[in-house]
Each structure stands twice: as C-alpha cells, then as structure tokens.
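Residues per chain are reported as follows:
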Amino acid sequence: MHTVDIGDLLAAGWTKKQITLREIELDYLCVPSDRYNMNDATEGVLEDWVDSVQESADTSCALIKDDQIIGYCDLYPVEQQDFDLLQAGSTMIKADMIALYAFGGQFDAYIAMAAVDPDCASQDTYMRIFDWIFARLGKWNAEGISIDRIGVSVYQPLLEKFIRALGFEQAGINPAGGKVYVTDMKKLSKNAIYCKCISA
C-alpha cells in the first residue's frame, strides 16, 4: 500500500475520467447517506471535477493497494475569501475555488476530502494520507507557496480523531452536514504529533 500523486497516475496511463469516477465512488462509500446530505448538488458531478484532476494534479494523492485506488485526498490552495465561506459552512468546495498557486504567494488550504474505502480504513491508511499532506505542505513552502489556515471537511469518526489530535477545532457544518475543522500553520507547527511526523 502506498500513496501516489495524481499527476503520476495520469503519467502511468490512468485517465482523468477513471480517477474522477473512482473518487466520486469513494465519496459515496465514505459518507453515510443516512447521516449526511451527499448528492449531485453538494458533491458535484463528473463534469464539474474531471478537468481539475489534470489542471491541479499536484493537489491530490491516491492511496493504492493491489493496483486499485482504495483512498484519496484533495488538498487545495484557496484564496482567503473562499476559505472564509468554506470555514463558515456556507458552501462546499468547488473546482473554480482552487487558487492559481503556480506563481507562489500566500494562500489558505482546504482538505476537501480524505476518503478511504471503509473495507480498508485503518489508522495506518489514514496515517499514510497525512504523511502525504505534511510532505505536500513542506514542498509547497519550499516552492514559495505559503499556507496560512487549513480547513477540512470531516465525515468519518476515525478521520475526526486524527484531525482533533492535530489540534484542529470545529468551526462549522457544511451544506452536506459534514463537520468543518480549522487550524493554521503556526498552530500546526507546534503540535507534537505533527512535529514527530515531519521529523521521522
């Protein structure tokens, strides 16, 4: 089991449509319909996201086991005004909210989804996703892409345990009923678990 940048999956021959359809499938597997309002209006449809898979390929990773995608994570740089809306629970993340970050600058970041197939969910699988998130934040910082606040939509109890252990605090509820948690890099950099992970 290992994480792979979406850009590397595309280079290996996966199509944008294959990746996007599997991500949408994982969303519905990981978000219980009896507790959350996950539908085309809140989730979006294939056409809403398929192009962003290539346009922002370094913002996402896939968790691969036996040549299958069993999980994925989207970590999007966003502008301050869009983060404010996401933090307040006023909207779900949309593809057009992904900032133009290639030139560097100051941004917030939003983890739109960290999804793992329920049949494969474990502390180890989520830890691999967080290792990728921490490495990506470090890579961006080295490239002049500075992240201030970080938000995340939470639907799974195990993911919530990770988020709370990292010092995120609940800030709202999104339109699908998911909890919105927020921290910032200054606070995260002082978190003992984060410090241990990045020094390993």
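The coordinates are above.
Here is a short report on the structure shown in this document. (Residues numbered from 1 in each chain as written. Predicted model: local features only at pLDDT ≥ 70, side-chain atom pairs only at ≥ 80, totals over all residues. Heavy atoms only, no water.)

**Focus: the packing of aromatic side chains**
- On inspection of all chains with the given rule, the structure shows six aromatic pairs.
- Between Phe-134 and Tyr-194, the ring centres sit 5.0 Å apart and the planes meet at 90 degrees, which makes this aromatic pair edge-to-face. Residue Phe-134 is located in helix α6 (residues 123–142), and its partner Tyr-194 is located in helix α9 (residues 192–199); the two are separated by 60 residues in the primary sequence.
- Grouped by ring-pair contacts, the aromatic residues Tyr-126, Phe-130, Phe-134, Phe-162 and Tyr-194 constitute a single cluster. (Phe/Tyr/Trp six-rings, centres within 6.5 Å; stacked < 30°, edge-to-face > 60°. Helix = DSSP H or I, 4+ residues; strand = E, 2+ residues; numbered from the N terminus.)

**Here's the deal with the side chain of Glu-23**
- Looking at where Glu-23 falls in the secondary structure, it is placed in helix α2 (residues 16–30).
- Arg-22 is the oppositely charged side chain nearest to the buried, salt-bridge-free Glu-23, at an N-O distance of 9.5 Å. (Buried < 20%, exposed > 50% of the residue type's maximum accessible area, 1.4 Å probe, protein only. Lys, Arg positive; Asp, Glu negative; His and termini not counted. Salt bridge = Lys/Arg side-chain N within 4 Å of Asp/Glu carboxyl O.)

**Some remarks on the packing of α6 against helix α7 (residues 157–165)**
- Where α6 meets α7, the closest approach of the two axes is 11 Å, and the angle between their N-to-C directions is 50 degrees. By the angle between their axes, α6 is oblique relative to α7. Regarding α6 and α7, the two cross each other, and that crossing is right-handed. Of the residues in α7, those touching α6 at Gln-123, Tyr-126, Met-127 and Phe-130 are Leu-158, Leu-159, Phe-162 and Ile-163. (Axes fitted to C-alpha atoms, helices over the stretch in contact; angles between N-to-C directions. Parallel < 35°, antiparallel > 145°, perpendicular 65-115°, else oblique. Left-handed = near helix turned anticlockwise from the far one by under 90°. Contact = heavy atoms within 4.5 Å.)

**Side note on the pairing of strand β3 (residues 68–78)**
- Summarising burial for β3: 10 of the 11 residues are buried, a large majority.
- Examined bridge by bridge, strand β2 (residues 60–65) and β3 share six bridges and lie antiparallel to one another. Bridge pairing in β3 places Ser-60 opposite Asp-74.
- In this antiparallel pair of consecutive strands, β2 and β3, the connection spans two residues, and Asp-66 shows a positive phi of 55 degrees.
- Strand direction decides the pairing type here: β3 and strand β4 (residues 105–116), joined by eight bridges, are antiparallel. Along β4, the bridge assignment pairs Cys-73 with Ala-114. (Pairing = 2+ DSSP bridges.)

**Some words on the state of the cysteines**
- Here the structure, examined in full by the defined rule, presents zero disulfides.
- Free of any disulfide, Cys-120 has its nearest neighbouring cysteine sulfur in Cys-30, separated by 9.7 Å.
- The class for Cys-120 is partly exposed, based on a relative accessible area of 21%. (Disulfide = S-S within 2.5 Å.)

**Looking at the nonpolar core**
- Ranked by size, the top nonpolar core spans 43 residues in total, and within it Ile-133, Leu-137 and Ile-147 carry the most contacts.
- Sorting the residues of this core by element identifies β3, α5 (80–87), β4, α6, β5 (145–154), α7, β7 (179–184) and α8 (185–188) as the ones contributing at least two each.
- Per-element accounting of this core gives the leading share, eight residues, to α6.
- Not counting chain neighbours up to four residues away, the residues in contact with Ile-133 comprise Cys-73, Leu-75 and Ile-111. (Core = buried A, V, L, I, M, F, W, Y, C linked by side-chain atoms within 4.5 Å.)

The analysis is restricted to geometry; functional conclusions fall outside its scope.
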